[in-house]
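A structural walkthrough
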Amino acid sequence: MSNQSVQTVSTSNDKIKVALAIIAALAGVVGFYYLSSQPGLVRAGVLVAGLAVAILILWTSTSGREFLNFAKEAVRETKKVVWPTRKEAMQITGIVFAFVVVMALFLWGTDKILQFLLYDVILGWK
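Residues numbered from 1 in each chain as written. Predicted model: local features only at pLDDT ≥ 70, side-chain atom pairs only at ≥ 80, totals over all residues. Heavy atoms only, no water.

The next point concerns the pattern of salt bridges. Per the counting criterion, the structure on display carries 2 salt bridges. As a salt-bridge pair, Arg-76 and Glu-73 come within 2.5 Å of each other at their nearest N and O atoms. Of this pair, Arg-76 and Glu-73 both sit in helix 3 (residues 62-80), 3 residues apart, roughly one helical turn. Of the residues examined, Arg-76 reaches a relative accessible area of 43% and is grouped as partly exposed. Since its relative accessible area comes to 35%, Glu-73 is described here as partly exposed. The salt bridge partner of Lys-80 is Glu-77, with a shortest N-O separation of 3.3 Å. Pair noted here: Lys-80 and Glu-77 are both in helix 3, with a separation of 3 residues, about one helical turn. Look at Lys-80 and you get exposed, because its relative accessible area is 55%. (Salt bridge = Lys/Arg side-chain N within 4 Å of Asp/Glu carboxyl O. Helix = DSSP H or I, 4+ residues; strand = E, 2+ residues; numbered from the N terminus. Buried < 20%, exposed > 50% of the residue type's maximum accessible area, 1.4 Å probe, protein only.)

This is how it looks when you write it as structure tokens:
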């Protein structure tokens, strides 16, 4: 057996911050629906304010900062992707549509052949 210490992922302080962030986000959503008689701008403001407070609280936690770093890394990786040109995208889309049509015809033909064999030849129902 090894005597290595177990490292905790998050402290209780971070868990409290995450719980408060969830409560703030839920408060924004509940406020949005509770104020159904108010104008849409007020309702949207309450929702955005609740979500903004939740993000600010979450941002101060370790898990929130790790998520922010993950999001930045994801954006950086997305920028590295080589996207196809419009011509290439149209050609690929055409190939996919052609393949779908060929497969649909193949499956239709297979179904009709099996229908003929089972109902006309074997069972003699038609």
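Right, let's talk about helix 2 (residues 40-59) for a bit. Taking 1.5 Å per residue, 20 residues should reach 28 Å; helix 2 reaches 28 Å between its end C-alpha atoms and fits that length. Inspection of helix 2 places Arg-43, Gly-50 and Ala-54 among the buried residues, and these make up the whole buried set. Each buried residue of helix 2 lies within a common arc of 35° when the element is viewed along its axis, so the set occupies one face. Exposed residues lying more than 90 degrees from the buried face of helix 2 are Leu-41, Val-48, Ile-55 and Leu-56. (Expected span 1.5 Å × (residues − 1). Arc of directions from axis to C-beta.)

The next thing to look at is the packing of helix 1 (residues 12-34) against helix 2. Packing of helix 1 against helix 2 leaves a shortest axis separation of 7 Å and a crossing angle of 175°. As summarised for this structure, helix 1 and helix 2 are arranged roughly antiparallel, according to the angle between their axes. Where helix 1 approaches helix 2, its residues Lys-17, Val-18, Leu-20, Ala-21, Ala-24, Ala-25, Gly-28, Val-29, Gly-31, Phe-32 and Tyr-33 are matched on the opposing element by Arg-43, Ala-44, Val-46, Leu-47, Gly-50, Leu-51, Val-53, Ala-54, Ile-57 and Leu-58. Across the contact of helix 1 with helix 2, the residue classes tally to 16 nonpolar, 3 polar and 2 charged. (Axes fitted to C-alpha atoms, helices over the stretch in contact; angles between N-to-C directions. Parallel < 35°, antiparallel > 145°, perpendicular 65-115°, else oblique. Contact = heavy atoms within 4.5 Å. Nonpolar A, V, L, I, M, F, W, Y, C, P; charged D, E, K, R; others polar.)

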